[in-house]
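# Examination of the molecular architecture
Okay, here's what each chain looks like letter by letter:
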Amino acid sequence: MIKPAKISVRFADCDMMGHVNNAVYLSYFEEARMHYVAQMVDENWNWKKDGIILVKNEVTYLKPILLHDEPSIHIKLKAIGTSSFTLVYDVKVNDETAAKGESKLVCFDFTSQQPVSVYPKMVEGLEQLEKITD
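What you see is a predicted model, and the numbers here were worked out from it, not measured in a lab.

## Here we look at unusual backbone geometry
- Unusually for a residue other than glycine, N94 sits at a positive phi of about 50°.
- Summarising the element assignment, N94 is placed in the loop between β4 (84–93) and β5 (96–109).
- Of note in the backbone geometry, D95 takes a positive phi value of approximately 65° without being a glycine.
- Along the chain, D95 falls in the loop between β4 and β5.
- Residue D95 is classed as exposed on the basis of its relative accessible area, which comes to 72%.

The structure is reproduced here in structure tokens:
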């Protein structure tokens, strides 16, 4: 099991009300994805050839995150398709959910500039994630 990604809230992440700005959550999702993916694939993975591209993001804001909070992001697997997979995020502060999100990503061969089937090694890693049940 992969431990949740720990996020450091920066002063620049906050708006004039002292809350993390809504757009920053997408950067937090990206940071969490990289934290998880780094543990799912080999460090020698050739990202310039065998990459993933983001095609959709959704965020539901439930409670504000403040400058001195210490959020963690838990990622679960929602679905694996032929060339895509969908992840869900649970952003927690002090064990309470502050936001939820979802991202759809497509496996992409940057050499041929075409979507490709989800890489077998990526499938192995994704299957390590807790699955979400609707």
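Now that the structure is up, let's keep going.
## Focus: the side chain of S84
- Residue placement: S84 occurs in strand β4.
- When near neighbours in sequence (up to four residues on either side) are disregarded, S84 contacts K104, L105, V106 and V118.

## Some words on the nonpolar core
- If you look at the biggest cluster of nonpolar residues, it comprises 35 residues, and the most contacted ones within it are I73, L87, M122, L126 and L129.
- Residue assignment for this core shows that the elements contributing at least two residues are α1 (24–40), β3 (72–80), β4, β5 and α2 (120–126).
- Sort the elements by how many residues they give to this core and α1 lands first, with eight residues.
- Sequence-distant contacts of I73, defined by excluding residues within four places in its chain, comprise P4, A5, I7, Y28, F29, A32, Y36, Y89, D90 and V91.

Quick notes on the rules
Residues numbered from 1 in each chain as written. Predicted model: local features only at pLDDT ≥ 70, side-chain atom pairs only at ≥ 80, totals over all residues. Heavy atoms only, no water. Helix = DSSP H or I, 4+ residues; strand = E, 2+ residues; numbered from the N terminus. Buried < 20%, exposed > 50% of the residue type's maximum accessible area, 1.4 Å probe, protein only. Contact = heavy atoms within 4.5 Å. Core = buried A, V, L, I, M, F, W, Y, C linked by side-chain atoms within 4.5 Å.

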